[in-house]
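# Observations on the three-dimensional arrangement
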2 protein chains.
Amino acid sequence: MAESMKGLHRSHRCTEVTGSNIGEVVTVMGWVQKSRNKGGIIFVDLRDRSGLLQVIFEEGDIGAEGFAKAEKLRSEFVIAVVGKIEARSGAANENLATGSIELRATELRILSEAETPPFPIEEESKTKEELRLKYRYLDLRRPDLQKNLIMRSKVATLTRQFLAEEGFLEIETPMLTKSTPEGARDYLVPSRVHPGNFYALPQSPQIFKQLLMCSGYDRYFQIVKCFRDEDLRADRQPEFTQIDMELSFVDVDDVIGVNERLLQKLFKETIGVKVSLPIQRMTYAEAMDRFGSDKPDIRFGMELKNVSEVVKNCGFSVFTGALEKGGSVRGINAEGQAEMPRKKIDALVEFAKGFGAKGLAYLAVNSDGTYKSSFSKFMTEEELAALVAAMAGKPGDLLLFAADEDDIVFDVLGNLRLEIARNLDLLKKDEYKFLWVTEFPLLEYSKEEGRFTAKHHPFTMPMEEDLDLLDTDPVKVRAKAYDIVLNGTEIGGGSVRIFQNHVQEKMFEVLGFTKEDAYDRFGFLLNAFKYGVPPHAGLAYGLDRLIMLMAKEDSIRDVIAFPKVKDASCLMTEAPNVVEQKQLDELGIGVVSQEC
Amino acid sequence: MAESMKGLHRSHRCTEVTGSNIGEVVTVMGWVQKSRNKGGIIFVDLRDRSGLLQVIFEEGDIGAEGFAKAEKLRSEFVIAVVGKIEARSGAANENLATGSIELRATELRILSEAETPPFPIEEESKTKEELRLKYRYLDLRRPDLQKNLIMRSKVATLTRQFLAEEGFLEIETPMLTKSTPEGARDYLVPSRVHPGNFYALPQSPQIFKQLLMCSGYDRYFQIVKCFRDEDLRADRQPEFTQIDMELSFVDVDDVIGVNERLLQKLFKETIGVKVSLPIQRMTYAEAMDRFGSDKPDIRFGMELKNVSEVVKNCGFSVFTGALEKGGSVRGINAEGQAEMPRKKIDALVEFAKGFGAKGLAYLAVNSDGTYKSSFSKFMTEEELAALVAAMAGKPGDLLLFAADEDDIVFDVLGNLRLEIARNLDLLKKDEYKFLWVTEFPLLEYSKEEGRFTAKHHPFTMPMEEDLDLLDTDPVKVRAKAYDIVLNGTEIGGGSVRIFQNHVQEKMFEVLGFTKEDAYDRFGFLLNAFKYGVPPHAGLAYGLDRLIMLMAKEDSIRDVIAFPKVKDASCLMTEAPNVVEQKQLDELGIGVVSQEC
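Residues numbered from 1 in each chain as written. Chains lettered and ligands numbered in written order. Predicted model: local features only at pLDDT ≥ 70, side-chain atom pairs only at ≥ 80, totals over all residues. Heavy atoms only, no water.

### Comments concerning the sheet that holds strand E21 (residues 489-496) of chain A
The strands making up a sheet associate through backbone hydrogen bonding, with each pair oriented either parallel or antiparallel. All names here are of chain A. This is how the line gets drawn: Between any two strands, pairing holds if DSSP finds at least two bridges. Working definition: helices are DSSP H or I runs of at least four residues, strands are E runs of at least two. Numbering for both runs from the N terminus. Contact definition: two residues touch when any of their heavy atoms are within 4.5 Å. Here the axes come from fitting lines to C-alpha atoms, over the contacting stretch only for helices, and the angles between their N-to-C directions go from 0 to 180 degrees.
Judged by pairing direction, the sheet is mixed, and its eight strands sit side by side in the order E6-E9-E10-E22-E21-E20-E17-E11 without closing on themselves. A strand with exactly one partner marks an edge of an open sheet, and here the two such strands are strand E6 (169-170) and strand E11 (281-283). Two elements, strand E20 (residues 481-486) and E21, share six bridges in a ladder whose sense is antiparallel. Across the sheet, residue Ala481 finds its bridge partner in E21, namely Ser495. In this fold helix H5 (residues 206-214) packs onto strand E9 (219-227), strand E10 (239-248) and strand E22 (536-542), with an angle of close to 20° to the strand it touches most, E10.

### Things to note about the nonpolar core
Put simply, the rule is: For the purposes of this section, nonpolar cores are sets of buried Ala, Val, Leu, Ile, Met, Phe, Trp, Tyr and Cys residues that join through side-chain atoms within 4.5 Å. In this scheme, a residue with accessible area under 20% of its type's maximum is buried, one over 50% is exposed, and one in between is partly exposed, where area comes from a 1.4 Å probe on protein chains only.
With 139 residues, the main nonpolar core has Phe267 and Phe434 of chain B as its most contacted residues. Ranked by the residues each element gives to this core, the list is headed by helix H6 (residues 252-271) of chain B, at eight residues. If we ignore the near neighbours within four places in the chain, the residues touching Phe434 of chain B are Leu263, Phe267, Val275, Ile279, Gln280, Ile298, Ile484, Val485, Leu486 and Ile491 of chain B. One finds Val155, Ala156 and Val255 of chain A together with Ile121 of chain B within the second-largest nonpolar core, a separate group that totals 138 residues.

### Some words on the sheet that holds strand E2 (residues 41-48) of chain A
All names here are of chain A. Here we have five strands rolled up into a closed barrel, ordered E1-E2-E3-E5-E4, and mixed in their pairing. Geometrically, the sheet is characterised by an average inter-axis angle of 55° between neighbouring strands, direction not taken into account. Bridge count for strand E1 (residues 25-38) against E2 is seven bridges, and the pairing is antiparallel. Bridging across to E2, Val32 finds its partner in Leu46. Contacts between helix H1 (residues 59-71) and the sheet are confined to E1, E2, strand E3 (51-57) and strand E5 (101-112), with E5 contributing the most and set at about 40° to the helix.

### Describing the domain arrangement of chain A
A common way to express how large an interface is: the accessible area buried when the components associate. So the rule is basically this: Residue ranges assigned to the domains are those given by an automatic or database domain assignment.
Once the domains are mapped, chain A shows domain 1 (14-112), domain 2 (124-175 + 186-274 + 535-596) and domain 3 (300-423). Using C-alpha coordinates to define each centre, domain 1 of chain A is positioned 40 Å away from domain 2 of chain A.

### A few points about the relation of the copies chain B and chain A
Rule in force here: The fit set for superposing copies consists of C-alpha atoms from residues with pLDDT of at least 70 in both; the fit itself is least squares.
Each copy superposes on the other: chain B lies on chain A with an RMSD of 0.0 Å after a rotation of 180° and an axial shift of 0.0 Å. Both copies are brought into coincidence by an operation consistent with a two-fold rotation axis. Both copies present the same face, since 100% of the interface residues in chain B are matched by interface residues at the equivalent positions in chain A.

### Quick notes on the UniProt feature "binding site: L-aspartate" (unreviewed entry) in chain A
Residue and element names in this part refer to chain A. Let me state the cut-off plainly: UniProt positions are given in the numbering used here, feature names are shortened, and annotations may be inferred rather than shown by experiment.
UniProt records the feature "binding site: L-aspartate" (unreviewed entry) for Glu182, Arg228, His456 and Arg497 in the present numbering. Within the secondary structure, Arg228 sits in the loop between E9 and E10. A residue is classified by how much of its surface remains accessible, and Arg228, at 33% relative accessible area, is partly exposed. With residues near it in sequence (within four places) discarded, Arg228 still touches Ala184, Arg185, Tyr187, Gln203, Pro238, Phe240 and Gln242.

### Observations regarding helix H6 (residues 252-271) of chain A
All names here are of chain A. Our working rule: A helix's residues, less one, multiplied by 1.5 Å, set its expected span.
When the terminal C-alpha atoms of H6 are compared, their 28 Å separation across 20 residues agrees well with the 28 Å that a helix rising 1.5 Å per residue should span. Along H6, the residues that are buried comprise Val252, Val255, Ile256, Val258, Asn259, Glu260, Leu262, Leu263, Lys265, Leu266 and Phe267. Count one or two residues on from H6 and you reach Gly272, which has phi positive near 65°.

### Concerning the pattern of salt bridges
Close approach of charged atoms allows side chains with opposite charge to pair. Residue and element names in this part refer to chain A. To keep things clear, this is the line we draw: Whenever Lys or Arg places a side-chain nitrogen within 4 Å of a carboxyl oxygen from Asp or Glu, that contact is recorded as a salt bridge.
Inspection of the entire model under this criterion finds 112 salt bridges over all chains. A salt bridge links Arg330 to Asp289; the nearest nitrogen and oxygen atoms lie 2.8 Å apart. Of this pair, Arg330 sits in strand E13 (residues 328-334) while Asp289 is found in helix H7 (residues 284-291), placing the two residues 41 residues apart along the sequence. Its relative accessible area of 6% is what places Arg330 among the buried residues. Here Asp404 ties to Lys358 by a salt bridge, and the two come within 3.0 Å at their closest N and O atoms. Remark: Lys358 occurs in the loop between helix H10 (342-353) and strand E14 (361-365) and Asp404 occurs in strand E16 (residues 398-404); sequence separation between them is 46 residues.

Set out below in structure tokens:
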């Protein structure tokens, strides 16, 4: 049975009805959340996007036929109800926006019946994710997912409104473009008209937005899908969405300024969080030194301390050995954790080894001032006391040390700090701490490729004061690059771009590209630069991650309508799938048989 | 030479400076449009996105060094200028927003030099399109293209603002999805993780938006890229942009209502055109009968007249023969064109043949009331007079007739009508005539496939009063489908969707799908329909075409930043291109060698 809604017109969504409508006749439509017959009265919770409204069916109001129909109602039936709004006869339900009223039905139409769903549609679902993703259209009925997607829509709307007011133009860039192998792996699209040739889906609109600056569009933005064919992690999807922007005739402070105001607006108008401006800034060097990370979570302290000077002459060869090899010894102070059981400390040591540590030295300051330590026997009382003092250790504190090359020490302690905070439940999702990290290194050395690669991308502007180092000590060159970090997650990043041909050519030289290579890959950009290019800079946000943090979710799959799982497949549509041979023939490609 | 802009901050765009700034010191940045030295004074037209500003360099203001720099300026150099705004010393230029003022420079920086562009950057460019597309970044500097893209951005902004106010949520649907071969050819994307499997790029978000309605999102929209791997025409691109929407608990009038208000807003707020509501509606049957087209251009008359009854007993066997075969005889009256030279009439006959006509009968009513006709010898004076009367022919009119199957007659005369209007310059680009075409046929018979195919798509709702015809005479079933037509171009279309399982199954049966076929292709949608589905309907606009008409352009390439040409390639990036073998190996595909 599927009745027509002919002659009916929805007058309100469920929670658009309020106390001020008492006595009015309204028409509502939605899904039966639940239905129960209590002493000859049928109570239905009617659900739509806006929330729930209680509907009451009594034979005296709706007649025998209508009542018989109401008796058939089951969860997820779609119905239209006409009736009069009344003050609720029973106790008001304070959990509901419409908790003080109810709708007394005089007409019912069953627009669509429903089978019993394979899992209950409820907030904080306990159903395992695979099943929910297979039936995503049912999972998407859950109020928490609806709330997330409604917020996402609102963030996009506010972003566009703000950027339009700031003089940005939204300009669409191509999805079918050229493969330029540098960075992540491209998704390819075979061409039917040019067999043997391929488009690539864009990893970002980087080059196009720079061209738009060359063309004088002044301020560009786009909320746009980007694609990377990389193995997935919890916060990665093969297709993801960027808020992408580029500005002409600006420097670092201009980009940071406009984005601080954007973030302030978004957080205030969606989740009511006040972002105080200016947002704190920290150089990359300082972030590494204090937090062992280029995306520090500053919701808590537990900062790294460099104790190399303090221990350089001690008797503990693990420390002195690391220093002799040019490394460092650094520590963190887990305050009040001196009593941490040995088993938990061992787990931390294992955790540290996962980041390349050979071990982890620890020292607990007991409440009586004595020490319990993995290395106390190698050091004098004075040396230990100096070390504890350097770490500002008080009775009850647990000090943890790593000694190795700087890179490893930072990575180990930076992650250890987060692990301890997680264990101690220090990471509050409703606390939002923003940080700009600036002055990133321009280059990093790729052992795999035996050459420098661009840390951000090859168009990033070196800091003027470091330009000369490009010839003498490239690894020391800092870039006009910046990341915006929220609660330890990089939610966006960007840079000022090179706009001088001679600097760009030098950059390619340092990256080990021949001039031919460079033109082969980026020729149209390099050519564009010959005809007058403005100074320009930009930034891109990962929208999925940003919404995930705003919605206080742990996975970006909870803020994407139709996400993919770790093997990049969609459990609902079963994409990717096998296609017809005719389709491949038309494209001039074949599947190469795989020997396993 | 590329100077830094350090210490400078742009205070205005070029035309943000007005008479009220006279006496103020401002900093502007942009491109040199042209530069000329007139008696020791250098005049520069400075260009940015907003327009032009005249800058004056005199040695007395800027010093010898600055003046020497100004002497070097050439077209397309990017410069920053600091100076004071003055009333223009020479005659005001009324063509410029800033025509009554000028900037007297006190500081100049050359931010970027420029080579001479390969073609002049000017409005109404005469350079051939291939060259302009190769250097698209230069072509995009032309003010007319900038105006188009700025309008496009504004239309997108206004659309989003309007739809958000109307309760629509913008929800992103996947780009990497499942190939469902029905309709146009898919672009495929090989999967690295699942070798031999492919994603498809979406031809439209149709199924996803219907799922969102099943999930209770109530009102969805998206401005979204869609993909069809079909051979291109002037108004087609391999990737194109839709304004896509779907609404729950609505019928035809609701969709039409919200879209009329949207169109009214867009045309008023971008190009100042008033759209009177309601927009005229016409059934498909009437549109064919009166205009021989399902997208009639109603900026002019010249309507088709069915004269079958008038000629059915005449002596002209071309007419009577067509009628005997079940066809019709129809004509159009090209008023005042009786004097059209024979050569032009012959050209129209050839044009008609291109649409399947065997010939074209014509009759000119001379000013003295006599006739000049290709068929007068076959008809009596009375028959001719009756025919002329039926066509409301007056002295000076040219009547043109086609006699054939209805399909051919409509196609021939519908197109002939447009051809004559083009020849007579009746199609004014600044006149905007909207029309809803409704009640499209649900099905059309595909001779090629030997079965019915869906005219709109397989989810389109039949009109209730025609449901029974699905069994008896499917071709007569009308659909709840509607197109919005502007000046003879379909700018959007949509339908009410089937929401009852039994109707959907019947539809697949009529389309010749087995139940297995249907589930194989659309299983997740059919399954979703089992769990409670609301009545829903939607519409999608072709944004590129809409902007093309608003911008009064002839090609959608003039409203797309980086368009592709007829062979689906991009002349600027040279996509698609050959990729590295390693990339193909990772995807488990190979290029099949082509024997030509």
